[in-house]
Amino acid sequence: MYLNCHSYFSFHYGTMSPEGLLQEAKSKGISSLVLTDINNTSGCLSFVQQASKYGVRPLVGIDFRIGVRQLYIGIAHNNEGFAELNNFMSTCLSSGKANVPEKPPLFLHASIIYPLGTIGPETLSENEFIGVKPEQLNKLLFGNWGKYISKLLAVPSVSFRHKKDFNAHRLLRAIGNNTLLSKLAVSEQGKEQDVMYNEADLASLYERFPELLENTRALIQSCTIDFEFGTHKNKRTFTGNPDRDYEELLHLSIEGLRHRYGESSEVVQIRLEKELALIRSMDFVSYFLINHDIVHYARSKNYFCVGRGSGANSIVAYCLGITNVDPIDLDLYFERFINPYRVNPPDFDIDFSWKDRNDVIRHIFDKYECGHVALLATYNTFQQKSVLRELGKVFGLPKEEIDALVSERKNPSTPDHIAELIYKYSHYLHDFPNHLSIHAGGILISEKPLTYYSALTIPPKGFPLVQFSMIEAEDLGLYKFDILSQRGLGHIKDTIEIVKQNQGIEIDIHDLKKFKADEKIKDLLRTSHTMGCFYVESPAMRMLLKKLEASSYLDLVAASSIIRPGVASSGMMREYILRFRDPSRREYVHEKIGKLMSETFGIMVYQEDVIKVAHYFAGLSLAESDVLRRGMSGKFRGREEFQRAKEKFFSNCAAFGYDPAVTLEVWRQIESFAGYSFSKGHSASYAVESFQSLYLKAYFPKEFMVGVINNFGGFYRTEYYIHEARMSGATVLPPCINQSMYLTSIEGDIIYLGFIHLGTIEESVITNVIKERTSGGLFASLEDFTKRVTISLDFLRILIRIGTFRFTGKTKKSLLWEVHMILGRQRQTVPSRGLFGEPSRKFTLPDLCSNEFDDTLDEIEILGFPLQLPFHLLDQSLSSAESICLKDLITYVGKEITIIGYLVTTKNTRTKYGDNMYFGTFLDREGLFFDTTHFPEVAHRFPFSGNGCYCIKGVVVEEFGYPTINVQSMTKLPYTQISRVA
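No experiment lies behind these values; they were computed from the predicted model shown.

### Points about the overall build of the protein
Next up, step 1: Check the secondary structure of the protein and you find 38 helices and 23 strands.
Next up, step 2: Here the C-alpha radius of gyration of the protein, 33 Å, is about what a compact globule of 982 residues would show, namely 30 Å.
Next up, step 3: Principal-axis analysis of the C-alpha atoms places the extent of the protein at approximately 100 × 80 × 65 Å.
Next up, step 4: Out of the 982 residues in the protein, the part that is buried amounts to 56%.
Next up, step 5: In the protein, the share of contacts with a sequence separation of at least 24, taken over all contacts with a separation of at least 6, comes to 70%.
Next up, step 6: With the model as given, the accessible surface of the protein reaches about 42100 Å², and the carbon-plus-sulfur share is 51%.
Next up, step 7: Of the charged side chains in the protein, 109 are positive and 115 negative; the average position of the first set lies 3 Å away from that of the second.

Next comes the structure, spelled out in structure tokens:
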């Protein structure tokens, strides 16, 4: 009986989840209601899907508003009507904002309800009505309303359950309006009485005009909505005909089989035939062909790409070139890819270079029919720190008091009752949706127009965006195509081009068989010398590789998965290392577990291990096993089907007679591991890219680091990739006005930093410099430069201070004087070329010293980092004990040491008691990495103070031959200016 109900997807307005709204309806005995969120349809799918659980008949619509002012409500009569409303809403949102007209179009399958007093009843069409709120009933006593009683509906708004909801609503409105709560206008708020009444109370409210309730009931009874959840709604065909689709898939698969395997074995043939039959029977043919088309387009443009995800377990995907992982060679678990009980197609996460991804997305939107393709949304939600900050601003607290709240410290300036309110409502609003965002890479391609399921908006990227997330999409039967970007592919592609330019060598980067057997690559893995290499360069990964003494492709495949947080926190990563290094430790919790996971020594390493254990150990069906695997991700853990699968796991294990302690241990491993793990095919895909990076690093280290630097990605800041280039034997020079390009470049063993690193100088200025240098030749002097290039004095001073004019042989201080002599009072150069040129101005300057300290400070100020490790700027009187380096640590195990380190990166974590602690990574005087552990007490007493050199005192500890330092104290060292005249 309610036509105007809001969930919290009425962003910054509603306070109930769609399920919460249904719970409220059940508690009030309401049998039917309409979800009409404000300019939004995000909650409609889950609302309709869950309604039967609460005995509620769901209907959907949209509350069309400008700001908080309601213009009209649209009620869908059926699915066609919902599509009409969505099409209209999409038009209103096409600019990115809700530009809703005062008058909507006429709908064939939807009704429009106007607020009382905004339109004359005589102008209404057949499907148009006027809504009357309880507090407006007195207005019907005046005027000729009896004549139009059939056009009047009872439309009380439902936005809250109780006073606390209303208070939360006011806070949300203040956040949405970016204003103080005390200044929030009443006109910007809903009304406290916008709550749901039971049928009797509702009848009492409208007892003077019962016809309004009858009209409302009639409209509701005439409406219906059904989305047929779980049925495939992706684009059904690729060629336009299902039979032609299968012929195309068969042809491409056989062609790819010859390319991948040559003369294929019987095992390969049987696997291919089995997959093709299942793909066809489960109606996934077009899904595979669309993914193939995406990859085919990318390769036609010479874009690098990597296919990963559970789809990498598929031989069809391998033959189509969607992935480069051979499932036969790696013995990938078939049922993780697909099984007869799985309703959703396998995941294909296709990575592209960050430079190429947008063009691939554009290709997809160009190829498929407009309105049938859109980006997938996610919900940006209020989390602990963000909601505390927002509420702090709403209550008018200054920044320092908000910071104290966020760090859970008491600030004496913050009144206790205010702090209490903020904490109370921060918990209340936690996980409320704040606004729509764009999924990292999800794209939907549907058979019907996507407006059958959602309104569309146009975010800044310029492509349509649906208003629901991947969870609702999968429940509906729409399965995303993941088009992702990463910097690793960019640096591989760029390095290949740089090597060709610098050394004239053509590289076949896809010869993985050769890479797997390469001893130089194996040595890089064993020594964890992996800086710049995709996925294996972080401190944690380098530590793991060193402890494992990993050297093979399969070692790396396993390492890519066990590095995930769940495995590490459960202790299974350490146990894996022990069993990897010492076969005598390979004992299994149960003999079945040993047989299922003999390759990984009885330890769950991959996602498919969860399916194997659930199916073969606990007797769950493959469908139930996959529910368990998906539930561990967290997104589906609270669902009933997950709870049922969990209960069946334990009941089956009891029926099989397993020791309860064994069952609990197996479940502990599943629970702590699965949520953060990779499928084996996914890990194998990552390892392919890692091996490509390792090959380039092993044989072309200088060019490789230039490729990494120019892609501005990876775990570390640019400074440390420049340092690695130096460690590889390159001479790294600051930008040069006659040699440098916009990006960093290499000539022989000399690397010239690109002008891009001078972030304060506009790109257009640098473009003009390079253009003039190309057309007019190298610059002869600073004065020659000022005559040929338009540039401001401020930018010119930056170029001088960073040393771009060092080719002149003059000191920077001399050049800074010279530029003022040349420009005089001018703030910008004015290029002019005389026929014979003008005579140079002659002037004499006193001797000006060049100071290493000042040069380094210029580098830090302009580039953001020094061009060499700054140990030379420290007080040289430091004791010899402080000259300990990484190579010495293993000889000091168990002893206290003092070491000087240059901070690279830190990682914050919490102990099981919730205390902050840190892991640090530093460079020693020889330029090698060492790692530190800062337990809570030390972390509190000796905090990090930004970039720079630190004097660290602590005890050396060792595990698996890898030394680290448990820090006892730490002091940041000042740089000392000692006269060093060049």
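### Quick look at the pattern of salt bridges
Next up, step 1: Per the counting criterion, the structure on display carries 48 salt bridges.
Next up, step 2: Arg-271 serves as the salt-bridge partner of Glu-275, at 2.9 Å between the closest nitrogen and oxygen. Here Glu-275 pairs with Arg-271, and both are found in helix H8 (residues 266-281), just four residues apart, close to one helical turn.
Next up, step 3: Overall, Glu-275 belongs to the buried group, its relative accessible area being 0%.
Next up, step 4: Bridged by salt links that share partners, the residues Arg-801, Lys-812, Asp-855, Asp-858 and Glu-861 form one connected network.

### Some remarks on the confidence of the model for the protein
Next up, step 1: Summary statistics for the protein give a mean pLDDT of 91 and a share of 95% for residues scoring 70 or more.
Next up, step 2: Every residue in residues 978-982 scores below 50 in pLDDT, and together they form 10 contacts with partners more than four places removed in sequence or on other chains.

### Overview of the nonpolar core
Next up, step 1: Grouped together as the largest cluster of nonpolar side chains are 143 residues, with contacts concentrated most on Phe-288 and Phe-468.
Next up, step 2: Among the elements that make up this core, the one with the highest residue count is helix H9 (residues 285-300) (nine residues).
Next up, step 3: Each residue touching Phe-288, except ones within four places of it in the same chain, is listed here: Leu-249, Ile-279, Ser-314, Val-316, Ala-317, Leu-320, Ile-322, Phe-337, Pro-346 and Phe-348.
Next up, step 4: In this structure, Met-531, Val-706, Ile-791 and Val-904 belong to the second largest nonpolar core, which totals 109 residues.

### As for the pairing of strand S9 (residues 305-308)
Next up, step 1: A two-sided burial pattern is seen for S9, the buried positions comprising Cys-305 and Gly-307 on one face and Val-306 and Arg-308 on the other.
Next up, step 2: For S9 and strand S10 (residues 349-353), the ladder comprises four bridges, and the chain directions are antiparallel. From the neighbouring strand, Gly-307 faces S10, where its bridge partner is Ile-350.

### Here's the deal with unusual backbone geometry
Next up, step 1: Not every positive phi belongs to a glycine, and His-12 is a case in point at roughly 60°.
Next up, step 2: Residue placement: His-12 occurs in the loop between strand S1 (2-5) and helix H1 (18-28).
Next up, step 3: A positive phi angle is found at Phe-601, which is not glycine, with a value near 60°.
Next up, step 4: Turning to its location among the elements, Phe-601 is positioned in the loop between helix H24 (591-596) and helix H25 (607-617).

### Some points on empty space enclosed by the protein
Next up, step 1: Evaluated as defined, the whole model comprises three cavities of 30 Å³ or more.
Next up, step 2: Each pocket or cavity is described by its volume, and for the largest cavity that value is around 90 Å³.
Next up, step 3: What lines the largest cavity is His-232, Asn-234, Lys-235, Arg-236, Asp-283, Phe-284, Ser-286, Tyr-287, Ile-290, Pro-345, Tyr-479 and Phe-481.
Next up, step 4: Looking at the lining of the largest cavity, the element that brings in the most residues is H9, giving three residues.

### Here we look at helix H6 (residues 210-221)
Next up, step 1: The terminal C-alpha atoms of H6, which comprises 12 residues, lie 17 Å apart, in line with the 16 Å expected from a rise of 1.5 Å per residue.
Next up, step 2: Residues of H6 that are buried include every one of Leu-212, Leu-213, Asn-215, Thr-216, Leu-219 and Ile-220, and no others. The buried residues of H6 occupy an angular sector of 160° when the element is viewed end-on, so they sit on one face.

### Considerations on H9
Next up, step 1: Its 16 residues place the ends of H9 22 Å apart at the C-alpha level, agreeing with the 22 Å of an ideal helix rising 1.5 Å per residue.
Next up, step 2: Where burial is concerned, most of H9 is hidden: 13 out of the 16 residues are buried.
Next up, step 3: Phi turns positive, to about 60°, at Asn-302, one or two residues after H9.

### Here's the deal with the sheet that holds strand S17 (residues 745-747)
Next up, step 1: Strand order in the open sheet formed by three strands is S16-S18-S17, with mixed pairing between adjacent strands. Each having just a single partner strand, strand S16 (731-733) and S17 make up the two edges of the open sheet. Between one strand and the next, the sheet's axes are offset by a mean angle of 25°, whatever the strand orientation.
Next up, step 2: Strand direction decides the pairing type here: S16 and strand S18 (residues 750-752), joined by three bridges, are parallel. Note on S18: the bridge partner recorded for Leu-733 is Tyr-752.

### Remarks on the packing of helix H7 (residues 242-261) against H9
Next up, step 1: Contact geometry of H7 with H9 gives a least axis separation of 9 Å together with a crossing angle of 55°. Regarding the angle of H7 to H9, the classification is oblique. Two packed elements cross with a definite hand, and for H7 against H9 that hand is left-handed. Between H7 and H9, the contacting residues are Asp-245, Tyr-246, Glu-248, Leu-249 and Leu-252 on the first element and Val-285, Ser-286, Phe-288, Leu-289 and His-292 on the second.

### What to know about the environment of Gly-748
Next up, step 1: Note on placement: Gly-748 falls in the loop between S17 and S18.
Next up, step 2: Taking C-alpha positions, Gly-748 is 9.2 Å from Lys-702, a pair spaced 46 residues apart along the chain.

### Here we look at the packing of aromatic side chains
Next up, step 1: Summed over all chains, the structure comprises 47 aromatic pairs.
Next up, step 2: Residues Tyr-553 and Phe-691 carry aromatic rings whose centres are separated by 5.6 Å and whose planes lie at 75° to one another, so their mutual orientation is edge-to-face. Here Tyr-553 is found in helix H21 (residues 553-562), whereas its partner Phe-691 is found in helix H29 (residues 680-699), with 138 residues between them in sequence. Note on accessibility: Tyr-553 and Phe-691 belong to one class, buried.
Next up, step 3: Each member of the aromatic cluster is reached from another via a ring pair, and the members are Tyr-8, Phe-9, Phe-11, Tyr-379 and Phe-432.
Next up, step 4: For Lys-516, the ring lying beneath its charged end belongs to Tyr-553, and the centroid distance is 4.3 Å.
Next up, step 5: The ring of Tyr-699 is capped by Lys-520, whose NZ or CZ atom sits 4.4 Å from the centre of that ring.

### With respect to the environment of Glu-937
Next up, step 1: Counting through the fold element by element, Glu-937 comes out in helix H38 (residues 936-941).
Next up, step 2: Sequence separation of Glu-937 and Glu-192 is 745 residues, and the distance between their C-alpha atoms is 49 Å.

### Structural notes on the environment of Ile-562
Next up, step 1: Of note, Ile-562 is situated in helix H21.
Next up, step 2: On a C-alpha basis, the gap between Ile-562 and Arg-574 in space is 9.4 Å, while along the polypeptide they are 12 residues apart.

### Topic: the sheet that holds strand S5 (residues 110-115)
Next up, step 1: Reading across the sheet, the eight strands line up as S7-S6-S5-S4-S3-S2-S1-S8 and stay open at both edges, with mixed pairing between neighbours. With one partner strand each, in any of the chains shown, strand S7 (152-154) and strand S8 (157-158) form the two edges of the open sheet.
Next up, step 2: The pairing of strand S6 (residues 128-132) with S7 spans three bridges and is classified as parallel. Bridging from a neighbouring strand, Gly-131 pairs with Leu-153 of S7.

### Some details on the state of the cysteines
Next up, step 1: Applying the stated criterion to the full structure yields zero disulfides.
Next up, step 2: The closest cysteine sulfur to the non-disulfide-bonded Cys-885 is located on Cys-949, 12 Å from its own sulfur.

### Things to note about the packing of helix H17 (residues 487-503) against helix H30 (residues 701-711)
Next up, step 1: Relative to each other, H17 and H30 sit at 135°, their axes nearing to 8 Å. One element, H17, and the other, H30, form an angle in the oblique class. For the crossing formed where H17 meets H30, the hand is right-handed. Residue-level contacts link Arg-487, Gly-490, His-491, Asp-494, Thr-495, Ile-498, Val-499, Asn-502 and Gln-503 of H17 to Glu-703, Phe-704, Val-706, Gly-707, Val-708 and Asn-711 of H30.
Next up, step 2: Grouping the constituent residues of the contact of H17 with H30 by class yields five nonpolar, seven polar and three charged.

Definitions and cut-offs
- Residues numbered from 1 in each chain as written.
- Predicted model: local features only at pLDDT ≥ 70, side-chain atom pairs only at ≥ 80, totals over all residues.
- Heavy atoms only, no water.
- Helix = DSSP H or I, 4+ residues; strand = E, 2+ residues; numbered from the N terminus.
- Rg over C-alpha atoms; globule rule 2.2 N^0.38 Å.
- Buried < 20%, exposed > 50% of the residue type's maximum accessible area, 1.4 Å probe, protein only.
- Contact = heavy atoms within 4.5 Å.
- Areas by Shrake-Rupley, 256 points an atom, 1.4 Å probe, with all protein chains shown as cover.
- Lys, Arg positive; Asp, Glu negative; His and termini not counted.
- Charge placed at Lys NZ, Arg CZ, Asp CG, Glu CD.
- Salt bridge = Lys/Arg side-chain N within 4 Å of Asp/Glu carboxyl O.
- pLDDT = per-residue confidence, 0-100.
- Core = buried A, V, L, I, M, F, W, Y, C linked by side-chain atoms within 4.5 Å.
- Pairing = 2+ DSSP bridges.
- 1 Å grid on protein atoms, 1.4 Å probe; cavity = no way out; pocket = protein on both sides within 12 Å on 5 of 7 lines; lining within 4 Å.
- Points joined across faces, edges and corners; volume = space filled by probe spheres on them.
- Expected span 1.5 Å × (residues − 1).
- Arc of directions from axis to C-beta.
- Axes fitted to C-alpha atoms, helices over the stretch in contact; angles between N-to-C directions.
- Parallel < 35°, antiparallel > 145°, perpendicular 65-115°, else oblique.
- Left-handed = near helix turned anticlockwise from the far one by under 90°.
- Phe/Tyr/Trp six-rings, centres within 6.5 Å; stacked < 30°, edge-to-face > 60°.
- Lys NZ or Arg CZ within 6 Å of the ring centre and 35° of its normal.
- Disulfide = S-S within 2.5 Å.
- Nonpolar A, V, L, I, M, F, W, Y, C, P; charged D, E, K, R; others polar.

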